Structure formats: structure tokens, C-alpha cells
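Given next are the chains, with one letter for each unit.
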Amino acid sequence: MGLPRIHLRLASTAAVRLHLPPSGAISHEVKDRKEWQLELEQHIARGQLTFARQVLDRIPAPDARAYNALIRAYSWRGPFHAAIDLYRSMLHRRVTPNKYTFPFVLKACSALADLRSGRAVHAHAAAAGLHADLFVSTALIDLYIRCARFGPAANVFAKMPMRDVVAWNAMLAGYAQHSMYQHAIAHLLDMQANDRLRPNASTLVSLLPLLAQHEALPRGKSVHAYCLRACLDQEEEQVLVGTALLDMYAKCKHLNYACRVFHGMPVRNEVTWSALIGGFVLCDRMVQAFSLFKDMLAQGLCFLSSTSVASALRVCASLADVRMGTQLHALLAKSGIHSDLTAGNSLLSMYAKAGLIEETMALFDEMAVKDTVSYGALLSGYVQNGKAEEAFLVFKKMQACNVEPDVATMVSLIPACSHLAALQHGRCSHGSVIIRGLASETSICNALIDMYAKCGRIDLSRQVFDKMAAWDIVSWNTMIAGYGIHGLGKEATTLFLDMKKQGFAPDDVTFICLISACSHSGLVTEGKRWFNTMTQKYGILPRMEHYICMVDLLARGGFLDEAYQFIQSMPLKADVRVWGALLGACRIHKNIDLGKQVSRMIQKLGPEGTGNFVLLSNIFSAAGRFDEAAEVRVIQKVKGFKKSPGCSWIEINGSLHAFVGGDQSHPRSSAIYQELDNILIGIKKLGYQADTSFVLQDLEEEEKEKALLYHSEKLAIAFGILSLDEDKTIFVTKNLRVCGDCHTAIKYMTLVRNRVIIVRDANRFHHFKNGQCSCGDFW
């Protein structure tokens, strides 16, 4: 009885088209079966599969052997759907498949991950009584594993009357590819205990990447010991296993072992070199990684691969070595690898991280083929270089080109919403990840927590955090940092205690976030306690960022002398950022003498930017010492530092509106200025008096008052009052620190206009409501 007819789902909707070969390619004379078979096999041997198909169609009554030969060729070389199509033709012509047919056609189904067709072939093999055949069963296991159907795969494996190492390896490879660590280890032990089979090179090459992924160093060492005892003889096996071993050691952060394996290998290929270079990159040993790459090049261009070049370009990006990166670009062009997608994406990432956006865009436009990684690299480059609006345009272009964003793309896009404080864009991005089924990804959730916090919605940050399927240390740190910038130090401390209860060990970043949260909330005693806990209980060695937080904590709390003594006692030499934290507090607490002393220390080190000049100038201006303030500004100008103009922006119905001080370019400027004048009248009645010490120039008092009234944040708030319903919160972002006068004025604004106003400045968030600010006037 023949096999039942089936309809197989093909990758192509049409059958393979037949094209006549060149004259004389196929003989038209009458031949017997053996001659046809010989001609068929000759075309297959030459790789002329189209001609081979034509020969097969001319054979009067082809047998299974003829079909098997061509199905096998298609299953190895492709197109894979042609193998399934030929199998269907075989059934249609009532040629009975045999035990050789099924493994070949199943291999094609596996390559296409075509579960529906594979199940139909499985049914045919069962009907023919061949489903328990060793080779057919192994091919079925491979198919089901490729389609992530472990139940059917395990069922086929369990019913095999006889199993060889290839069958065991098929199951093990599936467990390893899907990161099923415990299943893989148990399977390996069963293999040795039940069938008494010794792992071979394929077993080890499947297992070692899984051990690397889980950083299972003790088991990795055991495998290494087994490799030494097994004495692998084949050169190819030695290279494959040696490469997997050094990759395992490198990913377990044991580069010394990885190097010993590398130098002990008699033969190395480009994958071996790339694995070791990648290990050094992973461990942030960039200089050594680049030295290795140059050693690899010295072996000859035959070792140059897109993978190794990708690692080298990542090194260039990390070291900000654009010159070497451009040389690699030229080398790629000469060697012909520049058109490789992996190499092109690595170049994109390198130029983007270096801030060379024009070069990044030019390369992107030149690339013939682009994928999700290409768009992600360009998008990430824009975000990292402060071009958030351009990043959104790239994302729109990506969608227009039907390129599906992945987790990495969305993790790059969501911070763009944070930079712009564009809540509506952020919510759209959140909806996008939900629709795409990415909302449960931990990295996505971490980005959303940060985005909502920086867009003023710390409540939504906590909602995302509480609903996460799994937290990592970044999740806790991001949430603690979010509480910190909103001045919610007590909530940050409570979350830290919850983190410990959940079994998460804090890292150095955790304490930076925690101490900073205490600083923004005036919790000086608590901050000092957490700093001591970090060193004494957790053994974390403080780095410069921790000392900056501590100086900021003490100085903002008014303990200026203690902060100065703390700096003097630091085991590290204080940098400009440490002294800058103290200088900022001198401005708050109007300590001119200490401010001048600290300023001299900063001048010796060389200020990193305009901020410290501005702080010192402000200190003199606040004291009415305008000549000295002007002298500081002259020095600032001579040294080439330009003060960034204050800029504030507000999102209205998804559109961003930006303002600078005294700005009259907005279409509604006249209404905005009229509203501010009306507000000034109202807040003066409540007792507001302009703090003209925040005007740097020596102007008349009335002129100073007007200058203060038209600060950028006040313009943005006035526009918000005019544009938003009365029950809507006004949320404004400023690129600099809010000045003291604006801080006071905004508190009064909430009373005369009965509005809730949130301002995010360069330091933190200020929640203004009912004449009060969440910072408690401590910022």
C-alpha cells in the first residue's frame, strides 16, 4: 500500500522552475536506467542542481535512489524548499521513500524550521515502519529541537531501540542552544551511565558554550581535564574543542587560562583568534585586545574575518581610537569584507560611539543590506550624542522599511524619551514593546523605569518595577536612583532594605545611587551610615564617584568644614568634580572665603567646563562683589569656556516647545509675556520679592527683576499654564540648575494659579504644590 498523499507547506509558492541548459548539457539520446543515474550523479557532483533536476524529470521511471541523491543535495546545499518539493513529487509519482529518504527531507524541514511539513514526514516514516530507525529518529530529534519542541524530541529519543553518540549529541545540542543548563548536565550524565558512551568532540563543543554562558567554571575545568585524557587526534577536533575551551575560560573571566589554552594549540583559525580577542574585550582589557588583533593580522590576511574585525572595532570605540578605526575601515575595503553586514554594523557602532554622526550616517546610506542591528547602531549613536529627536526619526524610518525592532533597539530608543523628558513619546514606546511582546524583558523594564522617573512619573516607574517578572541588580539600582532624583530619600532607603531581603547583594553602583538619594533629601546621618556600611560590611572599595556623593551630602547639609576635611583625608587625589561639589555648596550657603579657596584648587587642576567658573561668579555676585564676578567671567572667556545658555522645554500634546532666557521667538510670545506680568503682580501680593543676587550683571534693581522674570523655566511654565487644562500637571525640563529666585517664584506660582508644577533641572526634580517644593529648599 502506498503512502498517503500530503500537502506540504513550501517556502516558495511555486514549484522549482525548469530552465533549459546550454546546448549539449543534457543528452537527449535513449539511455538505460544506469546511464541516467550516472548523468544525474555527475551533475550533482558538479553542483549543477538545476540540470540534475531536469535529468531526473526525463528518467522514465526513476527509483528512490535517484530521488534520494537529489533530495540529499538540496538538503545540504539548498534551496531547502526544493528538497521538500521534490519529496512531494516523489510521492505524487508513487515512488516509495526508504530509510535514506526520510533523514534527507527531514534535514531540509529542520533547516527551514518547517514543523508542519516535518510532522507530515514523521507520519510517513511511521506508516513505513521506519520511525525507529537510528538515522530517521536522529533527524526527527534535530527537527523538533530546532523548532523548540522538546516534548516530541524527548519522546522520539526515549522510544529509540538503539542510540549512538550522534543521537545523544542532538538532544544535548538542543538543550545547550536553548540555555537549559540543568537538562543538559543531566542528559550528559545519563549518556555516560545508561548507554556507556564517551562524549566526543561534538559533545564538548555543544556543552562548553552553555558552561560559558552560566559561568560554570568548575564544570568547565572538569571538561578540560576530560579533553586532556581523551587525547583528541584529529586536527579539526583539536581546533574546535580548543576554541570552545578558551572561549569558556574567557567568558568566565579567567583570561590567564584562556591564554594558556590558546598558546597550547598547535593550530588556530580565525574563530580561535576572535574568541580570545572577544574575551579580552568582554573583560574590558581593550589595549591587550587590540594588541592581539595586530598579532592576528601579522599572521596574514587569511585570518581576517568579520567576527574578529567586529571585536577590534569595538575596541576602537571603547578606546575612542577613531584613527585606528578608520584604518580598519580601509583594510576592510581592501580585503572585501566591508560589504559584510557584521563588519558594517561594527563600523557603524564605532563611528556612532565616537560621536562622528555624519560619518555614521554616510556609512549607513552606503550599506546595501541593513538589519535591525544597523538601525539600532545608528539610533543608539544619536541618543548617546544628545540627538534624541533624530533618533526618533531613525526609528520611524526603520518602521517604514519594515525592519522589526528588537530588544536592543528599544533599549536604545527609550532613553531618547528620557533625554527629551517626552512622556507621550515614552508611553508610545512602552505601548510598542507591549505589542511586540518585549515588555517582560528585564532590560526593557529597566529602561522604562529610568524613562518614567526622568519624565517626572516616579509612580509609573514603581508600577513597572513591581510588575517585573524578574529583577536584576540594574533594576534595583535604577529604581533607587529614580527615588533619589525626586528627593525621596526615605523611599530609596526602604527599597534598598527590600532589595537585601530579596537576596540581592548591592554593588558599588547601588551605594552611589543610595548616598546620592540621601544627599538630595538632606539625610546626612543616613548617608554617612551607608558609606561606612559599604566599606565595612560589603567590602566595596570606594571610587571617585562615592567620594563625590559624600562631599555633596556633607556640603549640601551645611557641613562645609567637615566636607573639606573629608576631601583632605581621601586616599585618592580629589579631582575637579569633588571640589566642584563643595564649590556648589559654598554658593548655597554663601561661604565666600571657602569658595575662593576651593576655586583656587580647581584652577590648579584645570576646570572641566564652565560650571565651576559660573559657580564662583555667582558667589561673588550674590555678595554684591560684581568686579570680582566680572574678573572670573573674563578668565573664563580667556580660557575658552563658554557658558551654556539656560534652556527649558515643555511637552504639549506630543510636541516639544523650547525656550531660552528672554526668548521672543515662540509664536505665542506676547501671550506668554503678558501671563508672566500678570503672575508677577499676583505673587508680589503674596509676599514674593525678587532675589536679584541671581543676576550676574551690575544692573539697576528694576532691570534685574525683569531679567529674572524672563528666565527660561518661567517662560515654559507660563506657556504650560496657557496651553494645559487646569487639572493637568505642568512638567518642565531645564538643562541647568534652577536658580534660587525661580525656585521661590515657582512656589508662589502654584498658589496664584492653583497648579501643580514639576521642574527637572540638571541636579534633580522639584515637585511644586501648594506653595511648597518637595526638595524642602535643599537642592
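Residues numbered from 1 in each chain as written. Predicted model: local features only at pLDDT ≥ 70, side-chain atom pairs only at ≥ 80, totals over all residues. Heavy atoms only, no water.

Summing up its helical and strand segments, the chain has 40 helices and six strands in all. By the burial criterion, 50% of the 779 residues in the chain qualify as buried. Long-range pairs, those at least 24 residues apart, make up 64% of the contacts in the chain between residues at least 6 apart in sequence. Of the roughly 36900 Å² that the chain leaves accessible, carbon and sulfur atoms contribute 52%. (Helix = DSSP H or I, 4+ residues; strand = E, 2+ residues; numbered from the N terminus. Buried < 20%, exposed > 50% of the residue type's maximum accessible area, 1.4 Å probe, protein only. Contact = heavy atoms within 4.5 Å. Areas by Shrake-Rupley, 256 points an atom, 1.4 Å probe, with all protein chains shown as cover.)

Two aromatic rings are characterised by how far apart their centres lie and by the angle between their planes. All chains considered together, the criterion is met by 21 aromatic pairs. Ring geometry for F496 versus W530: centroids 4.9 Å apart, planes at 70 degrees, classification edge-to-face. You can see F496 sitting in helix α28 (residues 489-501) and its partner W530 sitting in helix α30 (residues 524-536), a full 34 residues away along the chain. For the pair F496 and W530, a shared accessibility class is recorded, and that class is buried. Among the aromatic residues, ring-to-ring pairing joins F465, W471, W476 and F504 into one connected group. In this structure, K107 is placed above the aromatic ring of W76, and the distance from its NZ or CZ to the ring centre is 4.3 Å. Lying across the ring of F262, R268 places its NZ or CZ 4.4 Å from the centre. (Phe/Tyr/Trp six-rings, centres within 6.5 Å; stacked < 30°, edge-to-face > 60°. Lys NZ or Arg CZ within 6 Å of the ring centre and 35° of its normal.)

Right, let's get into the nonpolar core. The tendency in soluble globular proteins is for nonpolar side chains to be buried as a group. Counting 203 residues, the largest nonpolar core has I71, L211, M248 and L582 as the members making the most contacts within it. Among the elements that make up this core, the one with the highest residue count is helix α31 (residues 544-556) (nine residues). Leave out the neighbours within four places in its chain, and L211 touches Y181, I185, A216, R219, G220, V223, M248 and C252. Membership of the second largest hydrophobic core comes to 32 residues, among which are I672, I730, I746 and C773. (Core = buried A, V, L, I, M, F, W, Y, C linked by side-chain atoms within 4.5 Å.)

Pairing of strand β1 (residues 647-652) with strand β2 (residues 655-660) involves six bridges; the strand directions are antiparallel. Within the sheet, the bridge partner assigned to I652 lies in β2 and is S655. Following β1, the chain reverses through two residues before pairing antiparallel with β2; N653 in that reversal takes a positive phi of roughly 50 degrees. (Pairing = 2+ DSSP bridges.)

The next subject is the packing of helix α11 (residues 201-213) against helix α13 (residues 235-251). Relative orientation of the contacting elements α11 and α13 amounts to 10 degrees, with a least axis distance of 9 Å. Viewed along their axes, α11 and α13 adopt a mutual orientation that is roughly parallel. Considering how the two elements wind past one another, α11 and α13 form a crossing that is left-handed. Listed contacts from α13 to A201, L204, V205, L208, L211 and A212 of α11 are E237, L240, V241, A244, L245, D247, M248 and K251. Considered class by class, the residues forming the contact of α11 with α13 number eleven nonpolar, no polar and three charged. (Axes fitted to C-alpha atoms, helices over the stretch in contact; angles between N-to-C directions. Parallel < 35°, antiparallel > 145°, perpendicular 65-115°, else oblique. Left-handed = near helix turned anticlockwise from the far one by under 90°. Nonpolar A, V, L, I, M, F, W, Y, C, P; charged D, E, K, R; others polar.)

In this model, the chain carries a mean pLDDT of 83, and residues with pLDDT of at least 70 account for 85%. Note on residues 1-30: pLDDT is under 50 here. Beyond four places in sequence and across chains, it has 55 contacts. Every residue in residues 696-704 scores below 50 in pLDDT, and together they form 13 contacts with partners more than four places removed in sequence or on other chains. (pLDDT = per-residue confidence, 0-100.)

Glancing now at unusual backbone geometry. Of note, the bond from G78 into P79 is cis; its omega dihedral lies within 30 degrees of zero at -5 degrees. Here R94, not a glycine, exhibits a phi torsion of approximately 60 degrees, which is positive. Considering the arrangement of structural elements, one finds R94 in the loop between α4 (80-92) and α5 (101-112). For R94, a relative accessible area of 73% gives the class exposed. We note that S179 has phi near 60 degrees; this positive angle belongs to a residue other than glycine.

Turning our attention to the pattern of salt bridges. Summed over all chains, the structure comprises 18 salt bridges. A salt bridge links R543 to D508; its shortest N-O distance comes to 2.7 Å. Remark: D508 occurs in helix α29 (residues 508-521) and R543 occurs in the loop between α30 and α31; sequence separation between them is 35 residues. With a relative accessible area of 31%, R543 lands in the partly exposed category. Looking at D508, the relative accessible area reads 23%, which means it is partly exposed. (Salt bridge = Lys/Arg side-chain N within 4 Å of Asp/Glu carboxyl O.)

Quick look at the pairing of β1 now. Counting buried residues along β1, six of its six residues qualify, which places the element largely inside the surrounding structure. Where burial is concerned, the two faces of β1 agree: the one with C647, W649 and E651 and the one with S648, I650 and I652 are both buried. Sheet topology note: the β1/strand β3 (residues 730-734) ladder contains three bridges and is antiparallel. When the bridges of β3 are listed, W649 appears paired with T733.

Attention now goes to the sheet that holds β3. With mixed pairing, the six strands of this open sheet are ordered in space as β2-β1-β3-β4-β5-β6. Both edges of this open sheet fall to β2 and β6 (772-773), since each of them pairs with a single strand only. As judged from the four bridges shared by β3 and strand β4 (residues 757-760), these two strands associate in the parallel manner. Bridge pairing links T733 to R760 in β4.

What follows covers the packing of helix α9 (residues 165-177) against helix α10 (residues 181-194). When two helices pack together, their arrangement is given by the angle between their axes and by how far apart the axes lie. Packing of α9 against α10 leaves a shortest axis separation of 9 Å and a crossing angle of 165 degrees. Accordingly, the angle class assigned to the pair α9 and α10 is roughly antiparallel. For the pair α9 and α10, the crossing hand works out as left-handed. Seen from α9, the contacting residues are V165, W168, N169, M171, L172 and Y175; seen from α10, they are H183, A184, H187, D190 and M191. For the contact of α9 with α10, the per-class residue count stands at seven nonpolar, three polar and one charged.

This part is about α13. In a regular helix each residue adds 1.5 Å, so 17 residues correspond to 24 Å; α13 covers 24 Å between its end C-alpha atoms and thus fits that length. Among the residues of α13, those classed as buried are V239, V241, G242, T243, A244, L245, L246, D247, M248, Y249 and A250. Two residues or fewer after α13 comes K253, characterised by a positive phi angle close to 65 degrees. (Expected span 1.5 Å × (residues − 1).)

Here the focus is the environment of A563. For A563, the location among the structural elements is in helix α32 (residues 560-568). Using a relative accessible area of 0% as the deciding quantity, one classes A563 as buried. Between the C-alpha atoms of A563 and L582, which are 19 residues apart in sequence, the distance is 7.2 Å. Apart from residues no more than four positions distant in its own chain, A563 is found in contact with V551, L554, A555 and L582.

Now for the UniProt feature "repeat: PPR" (unreviewed entry) in the chain. Here the UniProt-annotated "repeat: PPR" (unreviewed entry) positions come out as residues 63-97, 269-303, 340-370, 371-405, 441-471 and 472-506. Taken end to end, residues 63-97 comprises 77% helix and 0% strand; its first and last C-alpha atoms sit 9 Å apart. Helix and strand shares over residues 340-370 are 74% and 0% respectively, and the end C-alpha atoms of the span are 10 Å apart. (UniProt positions renumbered as here; feature names shortened; annotations may be inferred.)

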